[in-house]
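If you want the building blocks of each chain, they are given just below.
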Amino acid sequence: MRPVTPADAATVAAHRYPDERDTPERAVYAAWVADAIQDGVYLGFLLESGGEVIAGAGVTLLHWGPTRGDPQPWRARVVNVWTHPDWRRAGHARPLVMACLNALRERGITRVSLGSSDMARPLYGALGFAASPHEMNLILRAAQAE
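Attention here is on the structure that accompanies the text. Everything quoted here is computed from the prediction, not taken from an experiment.

Each α-helix winds once per 3.6 residues, and so residues spaced three or four apart point in a common direction. An ideal rise of 1.5 Å per residue puts 20 Å on 14 residues; helix α3 (residues 93-106) measures up with 20 Å between its terminal C-alpha atoms. Phi for G108, located one or two positions after α3, is positive at around 80°.

A few words on the sheet that holds strand β3 (residues 52-63). Overall, mixed pairing links the five strands, which are arranged β1-β2-β3-β4-β5 in an open sheet. Every interior strand has two partners, whereas the edge strands, β1 (2-3) and β5 (112-114), have only one. As paired strands, β1 and strand β2 (residues 42-49) are joined by two bridges and run antiparallel to one another. Residue pairing for β2: P3 is matched across the bridge by F45. Its contacts with the sheet place helix α2 (residues 23-39) against β2, β3 and β4 (74-83), and it is angled at close to 105° to β2. Along the sheet face, α3 touches β2, β3, β4 and β5 and points at about 30° away from the line of β3.

The axes of two packed helices give the description: the angle between them and the distance between them. The contact between helix α1 (residues 9-16) and α2 brings their axes to 8 Å, and the two run at 125°. It follows from the interaxial angle that α1 and α2 lie oblique. Along this stretch, α1 crosses α2, giving a crossing that reads as right-handed. Each of A9, A10, V12, A13, A14 and R16 in α1 lies in contact with α2, whose residues at this interface are R26, Y29, A30, V33 and A34.

Of the positions making up α1, those classed as buried are A9, V12, A13 and H15. The arc that holds every buried residue of α1, seen down its axis, measures 155°, which confines them to one face.

Time to look at the pattern of salt bridges. Counted according to the given criterion, the structure contains seven salt bridges. The salt bridge partner of E48 is R2, with a shortest N-O separation of 3.3 Å. With E48 in strand β2 and R2 in strand β1, this pair connects stretches of sequence that are 46 residues apart. Residues D19 and R21 are paired through a salt bridge, measuring 3.6 Å at the closest nitrogen-oxygen approach.

The subject of this paragraph is unusual backbone geometry. If a residue is not glycine, its phi is most likely negative; likewise, a peptide bond is most likely trans. The phi torsion at N80 lies on the positive side, around 60°, for a residue other than glycine. Along the chain, N80 turns up in strand β4. Positive phi values are uncommon outside glycine, yet R89 reaches one of about 65°. When you line up the elements, R89 lands in the loop between β4 and α3. Judged by its relative accessible area of 73%, R89 is exposed.

Glancing now at the environment of A55. Tracing the sequence through the fold places A55 in strand β3. Given the relative accessible area of 0%, A55 is considered buried. Sequence separation between A55 and L96 is 41 residues, and the spatial gap between their C-alpha atoms is 8.0 Å. With residues up to four places along the chain from it excluded, the contact list for A55 reads H15, F45, L46, L47, W82, T83, H92 and L96.

The rules we used
- Residues numbered from 1 in each chain as written.
- Predicted model: local features only at pLDDT ≥ 70, side-chain atom pairs only at ≥ 80, totals over all residues.
- Heavy atoms only, no water.
- Helix = DSSP H or I, 4+ residues; strand = E, 2+ residues; numbered from the N terminus.
- Expected span 1.5 Å × (residues − 1).
- Pairing = 2+ DSSP bridges.
- Contact = heavy atoms within 4.5 Å.
- Axes fitted to C-alpha atoms, helices over the stretch in contact; angles between N-to-C directions.
- Parallel < 35°, antiparallel > 145°, perpendicular 65-115°, else oblique.
- Left-handed = near helix turned anticlockwise from the far one by under 90°.
- Buried < 20%, exposed > 50% of the residue type's maximum accessible area, 1.4 Å probe, protein only.
- Arc of directions from axis to C-beta.
- Salt bridge = Lys/Arg side-chain N within 4 Å of Asp/Glu carboxyl O.

The structure is reproduced here in structure tokens:
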């Protein structure tokens, strides 16, 4: 296992957008993640076998501001947890996510969220993540020029 570097940005983007239909999204995300790694707001780890990346996981740091009961201004979101289909169900995601959580602990970050597939929910539950019925989302449309 090794930490990601800006040179891994295309690999991380392929993990985020693994479907061929999402290929056009990869370049924009790769450019963003390369900068985010350089700026220290994206942390991640890759697992290799025979010189090929077989799994990865990352975390995005969000400057959130202090909240009631928590003066720590940073939050984190686990992202891009991916395992090559030939290597799934072999326990590779757990140490990668743990490496991300340990990197957060080293930085004093206490609040971590993630989105989960049904397949990954047991893993995250075993790591202490709890489902939340409170999260809601809204997509704001760009303001129209008059």
